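Given next are the chains, with one letter for each unit.
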Amino acid sequence: MAHHNLDSLDKKILRMIAEDARVPFLEVARVCNVSGAAIHQRIQKLTNLGVLQGSQFIIDPEKVGYETCAYIGLNLKNPEKFDQTVEALKRIPEVVECHYTTGDYDMFIKMYAMNNHHLLDIIHDRLQPLGLSRSETIISFGSAFDRQLPIMEIPIDEEEEG
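Thresholds, definitions, all that
Residues numbered from 1 in each chain as written. Predicted model: local features only at pLDDT ≥ 70, side-chain atom pairs only at ≥ 80, totals over all residues. Heavy atoms only, no water. Axes fitted to C-alpha atoms, helices over the stretch in contact; angles between N-to-C directions. Helix = DSSP H or I, 4+ residues; strand = E, 2+ residues; numbered from the N terminus. Parallel < 35°, antiparallel > 145°, perpendicular 65-115°, else oblique. Contact = heavy atoms within 4.5 Å. Nonpolar A, V, L, I, M, F, W, Y, C, P; charged D, E, K, R; others polar. pLDDT = per-residue confidence, 0-100. Buried < 20%, exposed > 50% of the residue type's maximum accessible area, 1.4 Å probe, protein only. Arc of directions from axis to C-beta. Polar contact = N/O pair within 3.5 Å; in protein donor to acceptor, adjacent residues only side chain to side chain. Core = buried A, V, L, I, M, F, W, Y, C linked by side-chain atoms within 4.5 Å. Salt bridge = Lys/Arg side-chain N within 4 Å of Asp/Glu carboxyl O. Pairing = 2+ DSSP bridges.

Engineer: Could you give me a rundown of the packing of helix α2 (residues 25–32) against helix α3 (residues 36–48), with the residues and numbers involved?
Structural biologist: For the pair α2 and α3, interaxial distance at closest approach is 8 Å and the crossing angle is 105°. One element, α2, and the other, α3, form an angle in the roughly perpendicular class. For the pair α2 and α3, contact is made by Phe25, Leu26, Val28, Ala29 and Cys32 and by Gly36, Ile39, His40 and Ile43, respectively. Split into classes, the residues belonging to the contact of α2 with α3 amount to 7 nonpolar, 2 polar and no charged.

Engineer: Provide a residue-level description of the confidence of the model for the chain, including the pertinent values.
Structural biologist: Confidence in the prediction of the chain, expressed as mean pLDDT, is 89, and 90% of residues score 70 or more. At the low end of the mean pLDDT range in the chain sits helix α6 (residues 158–161), at 45; at the high end sits strand β3 (residues 107–113), at 98. Per-residue pLDDT stays below 50 along residues 157–162; that stretch engages in 7 contacts with residues further than four places along the chain or on separate chains.

Engineer: Report on helix α5 (residues 116–127), specifying residues and quantitative values.
Structural biologist: Among all positions of α5, only His118, Leu119, Ile122, Ile123 and Leu127 are buried. Burial along α5 is one-sided: seen end-on, the buried residues are contained in an arc of 140°. Of the residues in α5, the exposed ones pointing more than 90 degrees away from the buried face are His117, Leu120 and His124. Buried residues along α5 sit against β1 (68–76), α4 (82–90), β3 and β4 (132–140). For α5, the capping residue at the N-terminal end is asparagine 115, with a side-chain oxygen 3.1 Å from the backbone nitrogen of histidine 117.

Engineer: Describe in detail the nonpolar core, supporting the description with residues and values.
Structural biologist: With 17 residues, the main nonpolar core has Ile72, Leu74, Leu89, Ile109, Met111, Leu119 and Leu127 as its most contacted residues. Secondary structure elements with two or more residues in this core: β1, α4, β3 and α5. Leaving out residues up to four positions away in the same chain, leucine 119 has contacts with Thr68, Ala70, Ile72, Met111, Ala113, Thr137 and Ile139. Core analysis: the next-biggest nonpolar cluster, separate from the first, contains 14 residues, Met16, Val23, Ile39 and Leu52 among them.

Engineer: Residues and numbers for α4, please.
Structural biologist: Along α4, the residues classified as buried are Thr85, Val86, Ala88 and Leu89. Burial along α4 is one-sided: seen end-on, the buried residues are contained in an arc of 160°. Every exposed residue of α4 that faces more than 90 degrees away from the buried side is listed here: Asp83 and Lys90.

Engineer: Provide a residue-level description of the pattern of salt bridges, including the pertinent values.
Structural biologist: Applying the stated criterion across every chain yields a total of 7 salt bridges. Sharing partners across several salt bridges, the network here consists of Asp7, Asp10, Arg42 and Lys45.

Engineer: Just give me the short version of the sheet that holds strand β2 (residues 95–100), but keep the residues and values in it.
Structural biologist: Pairing within the open sheet is antiparallel, and its 4 strands lie in the order β2-β3-β1-β4. Looking at the sheet topology across the chains shown, the edges are occupied by β2 and β4. When the angles between neighbouring strand axes are averaged without regard to direction, this sheet yields 20°. Across 7 bridges, β1 lies against β3 in antiparallel orientation. Within β3, the residue paired with threonine 68 across the bridge is alanine 113. In this fold α4 packs onto β1, β2 and β3, with an angle of close to 165° to the strand it touches most, β2. Its contacts with the sheet place α5 against β1, β3 and β4, and it is angled at close to 135° to β3.

Structure (structure tokens):
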């Protein structure tokens, strides 16, 4: 994965939109002292580079009936079937994240279920048939915090400012 060198304008833009993704481009332009077109071009550049990966509304799972959040470490009987397993996991809408990992698990997933019974059904009916040798489930009681990468901490070189 490539690291991209960002200039001071890129960093200012990232700080502002990380704080409020709905801030109007013209407001960003005003604060950055450039044209709205320049902001639009920079946003497009950052998107094309993969630095920005879209925007979305965040839905609170609990407010729409998904009261159980679980993290599950998965071990595959046949680790060479990673790709097929990932594709199968993508077809389970309750699975919201999947990570390849080091350590005790081949992969680690995050998922939501309506309740513990629904969680058990998903594990038994949809995860176990994927060819797992074993799994370990950790249920979250609640999130202490959840945040984006701290864009506010990206340093701006003084020489870039001038």
